[in-house]
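So you can see what is in the structure, the chains are spelled out below.
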Amino acid sequence: MVQDGDGGFKGIETYIEGDTVLAAGTALDWAPQTVVFSGGTTGASRQKYTVLVLYGDTAIAVTSDHLFLLAGEQQTLKRADRLTAEDSLVAPSGHPVPIRSVHIGDYLAGFHHIAAASKEPPQGTLENHLLNTNGVVSADYVVQIMARRSDIAGFNVKDHDDMPVVGSVEYVEVHGRGCLTAPSFEAGFDDKSPIRAAGFNAPDLITPEYTFVPAEATVVHIPDGACSFLSPEEAEAKRRSPKRPFNDPMSREWTEALIQQHQAFYPDVVYSLDWASDEVNAFAWVDNNVRHVSLKGGLVRDQDLELEGISVVLAHELAHHYGGVPTFPSGLSCEGQADYRGVRNIMRKVWFGDSYIDTTDAGISQMANFFGVPDDPNPPSGNAGCGHPQGRCRVATYHAAVSLSGKPACAG
């Protein structure tokens, strides 16, 4: 709900260009201004990385990059994905509004943006670009998309970009795992707010819209005995390696697109992306005769891996199912076999012609960086048996798979 130029409130998605909206600068002197931009998605959308902020007896669901005005002597802007329960937002009157809790997840609803007064970048001022959004002050869309410009960034809180993102390992260590869970709607909460989560259903809503899916809802239980891309020791060592942000759109888009692509060729597998997990690993297993592959968020967000490297991981997990002997007692292919057949067979089937070479070349290079070894086709000595080969051996195995030169002895 956004306050309009007549002092009433209406849903943000109902504004059109030419309407009037109440706007102000940091002095909070409110006056009607013309809406110069209005656009958004339909109600059938799924907005990823939605930040749900509870305050007072209500809540607001916004995109990660939404900018709120913070209370304090120096009223400054802060992205929604940096908010904490220690922050206070600002009421249109200027009074502080303490935040009760902050959560991140997906939201089943349309999202909308509006801009007031002018589409031109503000020149060192927020005048006419602050709005009353459901009882707290937010910046409009022009400020949001210009937020990294030096003249706008000067309104951001100090060290803004260095603050941990809601849902990240760093954020959870300081503020707890509550940000990954559904909010707790205590007595006195306005139950007519358009939000559903963890059994909370607004009584006047009968559609699946306005459902908040907390990040932890994506957590996938991995059974004992599942085959893993990395050993537990390797996975733990990689946990602290540089990662893209928790709400990085590319990592998730790459992985979801890859899952769809591989599912077309291997439809008998149940795929899952455990985005909220910070574990650096991927798994394959069979449960009740159903094949499963799961990729963990910490792995696909690793800065050394992009689409091509994640494709190598996904091919490895599928090759546990389809790679043949030698196998574990479970019937899934051994680790070195999954490395070899994943690149030789799975990727050749999924990536056609030149795209196979382009994808494997880039993927192997990323894997060399990921394992911290040279991109060298010459295999080292030794034999890993059915377990995880050392990184140098795995990179050499990928090269051997591309050149069809046979699986190296070090791969088991």
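Scroll up for the structure.
Here goes a summary of the coordinates provided. Small disclaimer: the values here were computed from a predicted structure and weren't measured. (Residues numbered from 1 in each chain as written. Predicted model: local features only at pLDDT ≥ 70, side-chain atom pairs only at ≥ 80, totals over all residues. Heavy atoms only, no water.)

1. A few points about the overall build of the protein
Inference 1: Helices and strands together make up the secondary structure of the protein, namely 10 helices and 18 strands.
Inference 2: For the protein, the spread of C-alpha atoms along the three principal axes comes to 75 × 45 × 40 Å.
Inference 3: Residues counted as buried form 52% of the 412 residues belonging to the protein.
Inference 4: Expressed as a percentage of contacts within the protein between residues at least 6 apart in sequence, the contacts between residues at least 24 apart total 63%.
Inference 5: When the accessible surface of the protein is split by element, carbon and sulfur atoms take 51% of a total near 17700 Å².
Inference 6: Placing the 30 positive and 52 negative side-chain charges of the protein at their respective mean positions leaves the two points 6 Å apart. (Helix = DSSP H or I, 4+ residues; strand = E, 2+ residues; numbered from the N terminus. Buried < 20%, exposed > 50% of the residue type's maximum accessible area, 1.4 Å probe, protein only. Contact = heavy atoms within 4.5 Å. Areas by Shrake-Rupley, 256 points an atom, 1.4 Å probe, with all protein chains shown as cover. Lys, Arg positive; Asp, Glu negative; His and termini not counted. Charge placed at Lys NZ, Arg CZ, Asp CG, Glu CD.)

2. Topic: the state of the cysteines
Inference 1: Applying the stated criterion across every chain, the model contains 2 disulfides.
Inference 2: At a sulfur-sulfur separation of 1.7 Å, the disulfide partner of C334 is C386. Since a negative S-S torsion denotes a left-handed disulfide, the C334-C386 link at about -85° is left-handed. With a gap of 52 residues between them, C334 in the loop between α7 (307–322) and α8 (335–350) and C386 in the loop between α9 (354–371) and α10 (391–403) connect regions that are remote in the sequence. (Disulfide = S-S within 2.5 Å.)

3. So, the nonpolar core
Inference 1: Ranked by internal contacts, the top residues of the largest apolar core, which has 72 residues, are V53, F68, L89, F229, M367 and F371.
Inference 2: Discounting residues that sit within four places of it in the chain, F68 has contacts with V53, I60, V62, T76, L77, K78, A80, L83, L89, V136, V137 and S138.
Inference 3: Listed in part, the 17 residues of the second largest apolar core include L67, V90, V143 and F155. (Core = buried A, V, L, I, M, F, W, Y, C linked by side-chain atoms within 4.5 Å.)

4. A short note on the side chain of S241
Inference 1: When you line up the elements, S241 lands in the loop between α4 (232–238) and α5 (249–265).
Inference 2: Here the side chain of S241 touches K243 through a polar contact of 2.7 Å, side chain to side chain.
Inference 3: One polar contact links S241 to D302, side chain to side chain, over a distance of 2.7 Å. (Polar contact = N/O pair within 3.5 Å; in protein donor to acceptor, adjacent residues only side chain to side chain.)

5. Some words on the sheet that holds strand β16 (residues 269–274)
Inference 1: Read from one edge of the open sheet, 4 strands run β15-β17-β18-β16, paired in mixed fashion. Pairing within the sheet leaves two strands with one partner each, and these edge strands are β15 (227–228) and β16.
Inference 2: Bridge count for strand β17 (residues 282–287) against strand β18 (residues 290–296) is 6 bridges, and the pairing is antiparallel. Pairing of V286 across the sheet is with R291, part of β18. (Pairing = 2+ DSSP bridges.)

6. Structural notes on the packing of α8 against α10
When two helices pack together, their arrangement is captured by the angle between the axes and the distance separating the axes.
Inference 1: Across the interface, α8 lies against α10 with an axial gap of 9 Å and an inter-helix angle of 35°. Read as a crossing pair, α8 and α10 show a hand that is right-handed. Facing G336, D339, Y340, V343, R344 and R348 of α8, the residues of α10 in contact are R394, T397, Y398, A400, A401 and V402.
Inference 2: Here the residues of the contact of α8 with α10 sort into 6 nonpolar, 2 polar and 4 charged. (Axes fitted to C-alpha atoms, helices over the stretch in contact; angles between N-to-C directions. Left-handed = near helix turned anticlockwise from the far one by under 90°. Nonpolar A, V, L, I, M, F, W, Y, C, P; charged D, E, K, R; others polar.)

7. Considering the environment of T41
Inference 1: Turning to its location among the elements, T41 is positioned in the loop between β4 (31–40) and β5 (46–55).
Inference 2: In sequence terms T41 and H113 are 72 residues apart; their C-alpha atoms lie 9.4 Å from each other.
Inference 3: Apart from the residues within four sequence positions on either side, T41 is in contact with A109, G110 and F111.

8. Remarks on the pairing of β17
Inference 1: The pairing of β15 with β17 spans 2 bridges and is classified as antiparallel. From the neighbouring strand, C227 faces β17, where its bridge partner is A284.
Inference 2: In sequence, β17 turns back onto β18 through a hairpin of 2 residues, with N288 there showing a positive phi of about 55°.

9. Topic: the side chain of H103
Inference 1: By the element assignment, H103 lies in strand β10 (residues 96–108).
Inference 2: Engagement of the side chain of H103 in a polar contact is seen with the side chain of S101, the distance being 2.8 Å.
Inference 3: Looking at H103, its side chain comes within polar contact range of the main-chain oxygen of T181, at 3.0 Å.

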